[in-house]
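Residues per chain, in single letters:
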Amino acid sequence: MNTMAARQQFIEDAGMFFERLGLSRTSGRVLGWLLISPDGSADAPDLCTELATAKSSMSVALRQLDAAGLIERYRLPRQRRERYRLTDDVFGRAFRAKMAELDAFNDLVNQALRVVGNDVAPRERLRVMSEMYGFMAREFPKLLDRWDQEKRARLSPGP
């Protein structure tokens, strides 16, 4: 596979991957493109051209990514167009945002517990599931904090 075809395949795969995580496919393709672009930034018209995407779809995707804190807008000096780039620690932010969804999951489990009443088998399944998600809610932020520490240690100048 030539380099251009490999790049296009990665962008498409990124679109599908991030779509499974709750973003639009176009948003995922934008992330993929920004990850592998030489300077890691682009303006909206360039993204539309590179990704063969309608201006309206791109606008929605960029708003979604901006609202999620995954990209940031900026302007170069003496330029009118806004450019977009990945935020610092884009994937740590994404994981932290997903962790907030565990509260909603806990609410759903509590609703299910009310529905099943004292029925032992479903209550046990729900208990195990709730405990697993509770474990993830407690432990995953610690892993992200450790990652932040490790990343800072790698980036800080050595002795």
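Quantities reported herein were computed from a predicted structural model and do not represent experimental measurements.

Asker: Quick one: what's the story with the overall build of the protein chain, residue by residue and with numbers?
Answerer: If you tally the helices and strands in the protein chain, you get seven helices and three strands. Shown N-terminal to C-terminal, the secondary structure of the protein chain runs as helices and strands in the order α-α-β-α-α-β-β-α-α-α. In terms of overall dimensions, the protein chain is more spread out than a globule: its C-alpha atoms have a radius of gyration of 20 Å, far above the 15 Å expected for 159 residues. Along the three orthogonal principal directions, the C-alpha set of the protein chain runs to about 65 × 50 × 35 Å.

Asker: Before we move on, can you summarise the sheet that holds strand 3 (residues 83-86) with the specific residues and values?
Answerer: Pairing within the open sheet is antiparallel, and its three strands lie in the order 1-3-2. Looking at the sheet topology across the chains shown, the edges are occupied by strand 1 (41-43) and strand 2 (71-74). Mean inter-strand twist for the sheet, computed between neighbouring axes without regard to direction, equals 30°. Taken together, the three bridges between strand 1 and strand 3 define a ladder with antiparallel strand orientation. Bridge pairing in strand 3 links Asp43 to Arg83. The strands touched by helix 2 (residues 25-36) within the sheet are strand 1, strand 2 and strand 3, with strand 3 carrying the most contacts at an inclination of about 80°. The strands touched by helix 3 (residues 44-51) are strand 1 and strand 3; relative to strand 1, the strand with the most contacts, the crossing angle is about 100°.

Asker: I'd like to hear about the packing of aromatic side chains, residue by residue, with values.
Answerer: Considering all chains together, one arrives at two aromatic pairs under this definition. A centroid spacing of 5.1 Å and a plane angle of 85° characterise the contact between Phe17 and Phe18, whose relative ring orientation is edge-to-face. Given a relative accessible area of 41%, Phe17 falls into the partly exposed group. Here Arg85 stacks its cationic end above the ring of Tyr74, 3.8 Å away from the centre of that ring.

Asker: Could you give me a rundown of the nonpolar core, with the residues and numbers involved?
Answerer: Within the largest apolar cluster, 20 residues are counted, with the highest numbers of intra-cluster contacts made by Val30, Leu31, Leu47 and Ile71. Examining the composition of this core, we find that four residues originate from one element, helix 2, more than from any other. Filtering out sequence-adjacent residues up to four positions away, Leu47 remains in contact with Val30, Trp33, Ala42, Ala52, Met58 and Leu62.

Asker: Provide a residue-level description of the side chain of Thr26, including the pertinent values.
Answerer: Inspection of the secondary structure puts Thr26 in helix 2. For Thr26, a relative accessible area of 18% puts it in the buried group. Thr26 has contacts with Thr53, Ser57, Met58 and Ala61, leaving out every residue within four places of it along the chain.

Asker: Residue-level account of the side chain of Arg29, with values.
Answerer: Note on placement: Arg29 falls in helix 2. Using a relative accessible area of 11% as the deciding quantity, one classes Arg29 as buried. Side-chain polar atoms of Arg29 contact the side chain of Thr53, separated by 3.2 Å. Those residues in contact with Arg29 that lie beyond four places of it in its chain are Ile11, Glu12, Gly15, Leu51 and Thr53.

Asker: I'd love a proper account of the pattern of salt bridges, names of residues and values included.
Answerer: Under the defined criterion, the tally for this structure stands at eleven salt bridges. For the salt bridge of Glu12 with Arg29, the shortest nitrogen-to-oxygen distance reads 2.9 Å. Remark: Arg29 occurs in helix 2 and Glu12 occurs in helix 1 (residues 3-20); sequence separation between them is 17 residues. Between Asp66 and Arg73 there is a salt bridge; the shortest N-O distance is 3.1 Å.

About the criteria used
Within each chain, residue numbers correspond to sequence positions counted from 1 in written order. The model is predicted, so local features are restricted to residues of pLDDT at least 70 and side-chain atom pairs to those at 80 or more, both for listing and for counting; the totals for chains, interfaces and linings are taken over all residues. Water and hydrogen atoms were dropped before computing side-chain values, which therefore reflect all heavy atoms in the structure. Numbering of helices and strands starts at the N terminus; helices are DSSP runs of H or I of at least 4 residues and strands are runs of E of at least 2. Each radius of gyration is computed over the set of C-alpha atoms, and the globule rule expresses the reference value as 2.2 Å times the number of residues to the power 0.38. Any two strands with at least two DSSP bridges between them are considered paired. Axis lines are fitted through C-alpha atoms, for helices just across the contact stretch, and the angle between N-to-C directions can take any value from 0 to 180 degrees. Here a residue-residue contact requires only that any non-hydrogen atoms of the pair lie within 4.5 Å. Between rings of Phe, Tyr and Trp, where Trp is taken as its six-membered ring, a pair exists when centres lie within 6.5 Å; planes separated by under 30 degrees are stacked, by over 60 edge-to-face, and by other angles tilted. Accessibility here uses a 1.4 Å probe with only protein chains present; expressed as a share of the type maximum, an area under 20% marks a residue as buried, one over 50% as exposed, and anything in between as partly exposed. Here, a charge over a ring means that NZ of Lys or CZ of Arg falls within 6 Å of the ring centre while also lying within 35 degrees of the ring normal. Here, the term nonpolar core denotes a set of buried Ala, Val, Leu, Ile, Met, Phe, Trp, Tyr and Cys residues that are joined through side-chain atoms within 4.5 Å. Under the rule applied, a polar contact is a pair of N or O atoms within 3.5 Å (in protein, one hydrogen donor and one hydrogen acceptor; residues adjacent in sequence only if both atoms are side-chain atoms). We define a salt bridge as a side-chain nitrogen of Lys or Arg found within 4 Å of a carboxyl oxygen belonging to Asp or Glu.

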